[in-house]
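# Chains, contacts and geometry: an overview
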Amino acid sequence: AAADAAAASAGAAAPELKVPGDVERAKKLIHTVATGEAPLMRAARLALARADEKLLLEAALAVLFDGDAKVRIAAVRILGSLGDESALRPLIFSGARDKDAGVRREALLAAASFGHDDTAVPYSKAVGSKNLRLAANAAEALALLGDERSAGYIVKRLRSHGSSTRNVVSFLNQVSYVRDY
């Protein structure tokens, strides 16, 4: 009986972190990671690290459009670390349309971390949008990506407007030789 009491008191001193078993609990843990106090944030991170990836994916997607920018940034970072292809489209959407510049930046970096060559294409298309805020956000995203192939697509898109003659953009390196006579 004394051994059971000692084990119970030791267990009470250091509570075991439980793995989140449902989406609502995982969403609360993501909120805690983003906005909680340091000891709570650490405990929440540890609990999320042991969570099932599908559960974590669902919870992060659910809080991706939360009202608090810190929570959205935490969700974007989680989605980027998971690397699940189903998160790519929402990340690109957040990278272009989120009202907070920090969230847009993190979403863009998370989407780029997937390693797709065509990550810049949706942003290149958005530059031609009539929504000026979206076009400006897309231009910022392209600048951050630094993909020089998108410049050609943008010039073609802005100049041709779909019905006029097509424009061709090419990047050439020319070497010339000068002869001494």
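Structure first, text after, so check above.
Here goes a summary of the coordinates provided. Bear in mind that the values here come from a model prediction, so they are computed numbers and not experimental data.

As a further point, take the overall build of the chain. From N to C terminus, the chain includes ten helices and zero strands. Overall, the chain shows an N-to-C arrangement of helices and strands of α-α-α-α-α-α-α-α-α-α. For the chain, the residues scored as buried account for 34% of the 181 residues in total. Within the chain, counting contacts between residues at least 6 apart in sequence, those at least 24 apart form 59% of the total. Summing over all exposed atoms, the chain offers an accessible surface of approximately 11,900 Å²; the carbon and sulfur share of this is 54%.

Time to look at helix α7 (residues 101–112). Compared with an ideal rise of 1.5 Å per residue, which puts twelve residues at 16 Å, α7 spans 16 Å between its outermost C-alpha atoms and is within 8% of the ideal. Burial in α7 covers these residues: Val103, Arg104, Glu106, Ala107, Leu108, Ala110 and Ala111. The inward-facing, buried residues of α7 contact α5 (69–82), α6 (88–97), α8 (120–127) and α9 (132–145). Between the side-chain oxygen of the N-cap and the backbone nitrogen of Gly102 there are 3.0 Å, and the N-cap of α7 in question is Asp100.

Quick look at the pattern of salt bridges now. Under the counting rule described, the total for this entry stands at three salt bridges. Of the charged contacts in the structure, one is a salt bridge between Arg77 and Glu106, with a shortest N-O distance of 3.3 Å. With Arg77 in helix α5 and Glu106 in helix α7, this pair connects stretches of sequence that are 29 residues apart. Residue Glu106 is classed as buried on the basis of its relative accessible area, which comes to 18%. A salt bridge links Arg104 to Glu140; the shortest N-O distance between them is 3.7 Å. Within this pair, whereas Arg104 is found in helix α7, its partner Glu140 is found in helix α9, the two being separated by 36 residues in sequence. A relative accessible area of 10% means that Arg104 is categorised as buried.

The rules behind the values
Residues numbered from 1 in each chain as written. Predicted model: local features only at pLDDT ≥ 70, side-chain atom pairs only at ≥ 80, totals over all residues. Heavy atoms only, no water. Helix = DSSP H or I, 4+ residues; strand = E, 2+ residues; numbered from the N terminus. Buried < 20%, exposed > 50% of the residue type's maximum accessible area, 1.4 Å probe, protein only. Contact = heavy atoms within 4.5 Å. Areas by Shrake-Rupley, 256 points an atom, 1.4 Å probe, with all protein chains shown as cover. Expected span 1.5 Å × (residues − 1). Polar contact = N/O pair within 3.5 Å; in protein donor to acceptor, adjacent residues only side chain to side chain. Salt bridge = Lys/Arg side-chain N within 4 Å of Asp/Glu carboxyl O.

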